[in-house]
Amino acid sequence: LDLSTFFLGRPLTSPLMNASGVWCNVNNQLNALAESKAGAMVTKSCTLLRRNGNPEPRYHTLAMGSINSMGLPNEGHQYYLDYAERHDYENKPLFFSIAGLTLDDNLTMVAQIQDAYTPAILELNLSCPNVPGKAQIAYDFEALDVILAEISAAYSRPFGIKLPPYFDIAHFDEVAEILNRYEKVSFITCINSIGNGLMIDINSETVLIKPKEGFGGIGGDYVLPTALANVNAFYQRCPKKSIIGCGGVSTGEHVFMHLLAGAGIVQVGTALYEEGPEIFVRLNIELAKIMKEKGYKTIREFQGKLKTI
Ligand SMILES: CC(C)(C)CCc1c(C(=O)O)[nH]c(=O)[nH]c1=O
């Protein structure tokens, strides 16, 4: 069962990890991920100060996935810096996700991470809110350019970004052109939940979650094709960057698809929320079984080797 791989020069025992936001808000969840069979882990996107997040119900399981409008509930960035200080980096790499409410908040958090000399790897959540009334940063290409310039100037180490899905080839081209101008952006995590979906309970004739009149991010089976497309689109357009795949993973076959599409690491969100950290045992076994059946001894043999017809 050799699922070892490398990411940003770091050895991993498995290409699997959690998606930010799932099973990573508080210490007992973070400790469970550290003890799990995941090859890496990431903290919940944090803000400068602690947040309660949105009123519940704010997450709902769907027939083929999930809908959520959590509202960035988190313990505040210092809490996760304290965890990062305790983390055993020999055991597995730790990613540190931030989603500041303003550019200044992001710069303040980045400065504190910089000063903490932590080996954690920064993942900048670009679904973080922009000026109210404007699109999220990743969909506001001017704001995207500005934040990457500012963070690149403020942070001396390589970092990565978490992107929402794009649905237009011209957008893949435009965003990749921006990203390729920032060599410190060493990896791209595709995708965050598909924004502002809506699901309905026909018995009560109501929406399923309380915030935003029921509108929320969609995860799970529904998003796999979109996730694979975004992974492969940026894998092809950003040859000097690594890709982390996220979206629609609940079996070893899905993990294999993400790796084939170009992902170096594969994150699990909705399925982890439903199954818990033991899911990494199952996914590792299922991936190893597929590799064995195909005669692959290492992930490198097939990673990014998706063929067109
Ligand atoms: C959507 C934001 C609240 C702006 C960021 C945090 C976040 C959340 C959340 O905390 O609601 N949910 C997601 O599926 N993805 C996210 O990136």
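In the block above lies the structure referred to throughout.
Throughout what follows, the structure given in this document is the object of discussion. This structure is a prediction, so every number in the text was calculated from the model and none was measured.

About the criteria used
- Residues numbered from 1 in each chain as written.
- Predicted model: local features only at pLDDT ≥ 70, side-chain atom pairs only at ≥ 80, totals over all residues.
- Heavy atoms only, no water.
- Core = buried A, V, L, I, M, F, W, Y, C linked by side-chain atoms within 4.5 Å.
- Buried < 20%, exposed > 50% of the residue type's maximum accessible area, 1.4 Å probe, protein only.
- Helix = DSSP H or I, 4+ residues; strand = E, 2+ residues; numbered from the N terminus.
- Contact = heavy atoms within 4.5 Å.
- Arc of directions from axis to C-beta.
- Polar contact = N/O pair within 3.5 Å; in protein donor to acceptor, adjacent residues only side chain to side chain.
- Pairing = 2+ DSSP bridges.
- Right-handed = clockwise from strand over helix to strand, strands pointing away.

Quick word on the nonpolar core
Then, number 1: Counting residues in hydrophobic clusters, the biggest one holds 85 residues, and the most contacted among them are Leu148, Ile161, Leu163 and Phe234.
Then, number 2: Considering every element that reaches this core, the biggest residue donor is helix H9 (residues 279-294), with seven residues.
Then, number 3: For Phe234, the residues in contact, after removing those within four places along its chain, are Leu163, Tyr166, Phe172, Val175, Ala176, Leu179, Ile188, Cys190 and Ile243.
Then, number 4: Core analysis: the second largest hydrophobic core is formed by 10 residues, Phe7, Leu12, Val42 and Ile121 among them.

Quick look at helix H5 (residues 169-179)
Then, number 1: Of the positions making up H5, those classed as buried are Phe172, Val175, Ala176, Ile178 and Leu179. When H5 is viewed along its axis, its buried side chains cluster within an angular range of 155° and face the same direction.
Then, number 2: If you follow the buried residues of H5, they end up packed against helix H4 (141-154), strand E9 (159-163), strand E10 (185-190) and helix H6 (224-237).
Then, number 3: Here H5 starts with a cap whose side-chain oxygen sits 2.8 Å from the backbone nitrogen of Ala170, and that cap is Asp168.

Describing the pairing of strand E16 (residues 265-268)
Then, number 1: Neither face of E16 is open: one carries Ile265 and Gln267, the other Val266 and Val268, and all of them are buried.
Then, number 2: One ladder, built from three bridges, connects strand E3 (residues 16-18) with E16; its direction is parallel. Residue pairing in the sheet places Asn18 in a bridge with Val268 of E16.
Then, number 3: Pairing of strand E15 (residues 242-246) with E16 involves three bridges; the strand directions are parallel. Residue pairing across strands places Gly245 opposite Val266, the latter belonging to E16.
Then, number 4: Taken together, E15, helix H7 (residues 252-261) and E16 constitute a β-α-β crossover, and its handedness is right-handed.

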